[in-house]
Amino acid sequence: MTIVQAQNPEFDKVVADSFARQPFMQTIGAKISALEPGICEVSMDKKDNLTQQHGFIHGGLVAAVADSAAGYAAYSLFPADSTVLTVDYNVKFLRPANGAKLRARAEVVKPGSSLYVVKADVYVGDGANASHCLTGLFTMMCLMGKPDAQNLGREPHKMSTDAR
């Protein structure tokens, strides 16, 4: 495994601020449940209005939570004067997301000068009973000279994260 260091000593605050400005993550009730340089976990509880016709957490939502975790795993390593953008991702659904909790864990596999490769795995359920429901590879771009807070022109939403 590659040993990585955050280029921004305030990476945790920057990531939490950026995450708080995502209305979609607020809408689905997602939160950052773990954060360290190159690693991010995003978790959420199942909501009936976010399921598909069989009652499973919708696959598009599962992939979106993995994408967010992957983006913030990469962003935790970026310099202060930058922001993150997904370039591409390839996910494989391993089983339906059938459970009360969803947890996406992402880790940077290869940091680069502008592109970062990140792996993400999503689990549904709690603790030892959690099932692996998605795995994927994500490519994230570091956009230098574009501070994240000014990029969207949005104020942070009032949303708590466990990683602060």
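Our structure's up above, just so we're on the same page.
Right, let's walk through the structure included here.

Cut-offs and rules
- As a convention, each chain's residues are numbered from 1 in the sequence order in which they are written.
- Totals for whole chains, interfaces and linings use every residue, but because this is a predicted model, local features are given only for residues with pLDDT of at least 70 and side-chain atom pairs only at 80 or more, for both listing and counting.
- Hydrogens are left out, water is left out, and the side-chain values use all remaining heavy atoms of the structure.
- We count a stretch as a helix when DSSP gives it H or I for four or more residues in a row; a strand needs E for two or more, and each element gets its number in order from the N terminus.
- Relative accessibility under 20% of the residue-type maximum defines a buried residue, over 50% an exposed one, and the middle range a partly exposed one, all with a 1.4 Å probe and only protein chains included.
- In this description, contact between two residues means that some pair of their heavy atoms is separated by no more than 4.5 Å.
- Residue-level accessible areas treat just the shown protein chains as cover; the underlying method is Shrake-Rupley with a 1.4 Å probe.
- Centres within 6.5 Å make a pair out of two Phe, Tyr or Trp rings, where for Trp the six-membered ring is used; the pair is then stacked when the planes are under 30 degrees apart, edge-to-face when over 60, and tilted otherwise.
- Only one rule defines a salt bridge in this text: a Lys or Arg side-chain nitrogen within 4 Å of an Asp or Glu carboxyl oxygen.

Things to note about the overall build of the protein
Right, so step 1: A count of helices and strands for the protein gives four helices and six strands.
Right, so step 2: When the elements of the protein are put in sequence order from the N terminus, they spell out α-α-β-β-α-β-β-β-β-α.
Right, so step 3: Relative to its 164 residues, the protein shows a buried fraction of 41%.
Right, so step 4: Contacts in the protein between residues at least 24 apart in sequence constitute 69% of all its contacts with a sequence separation of at least 6.
Right, so step 5: For the protein, the exposed area adds up to about 8400 Å²; of that, 50% sits on carbon and sulfur atoms.

Thoughts on the packing of aromatic side chains
Right, so step 1: Enumeration over the complete set of coordinates arrives at five aromatic pairs.
Right, so step 2: Taking the centre distance of 5.8 Å and the plane angle of 85° together, the rings of Tyr75 and Phe78 count as edge-to-face. For the pair shown, Tyr75 and Phe78 are each scored as buried.

Remarks on the pattern of salt bridges
Between side chains of opposite charge, a pair can form when the charged atoms approach closely.
Right, so step 1: The full count for this structure, using the stated rule, is five salt bridges.
Right, so step 2: A salt bridge links Arg21 to Asp17, with the shortest nitrogen-to-oxygen separation between them at 3.0 Å.
Right, so step 3: Owing to a relative accessible area of 25%, Asp17 belongs among the partly exposed residues under this scheme.
Right, so step 4: The residue Arg21 makes a salt bridge to Asp148 at a minimum N-O spacing of 2.7 Å. One end of the pair, Arg21, is in the loop between α1 (11-20) and α2 (23-28); the other, Asp148, is in helix α4 (residues 148-152), with 127 residues separating them in the sequence.

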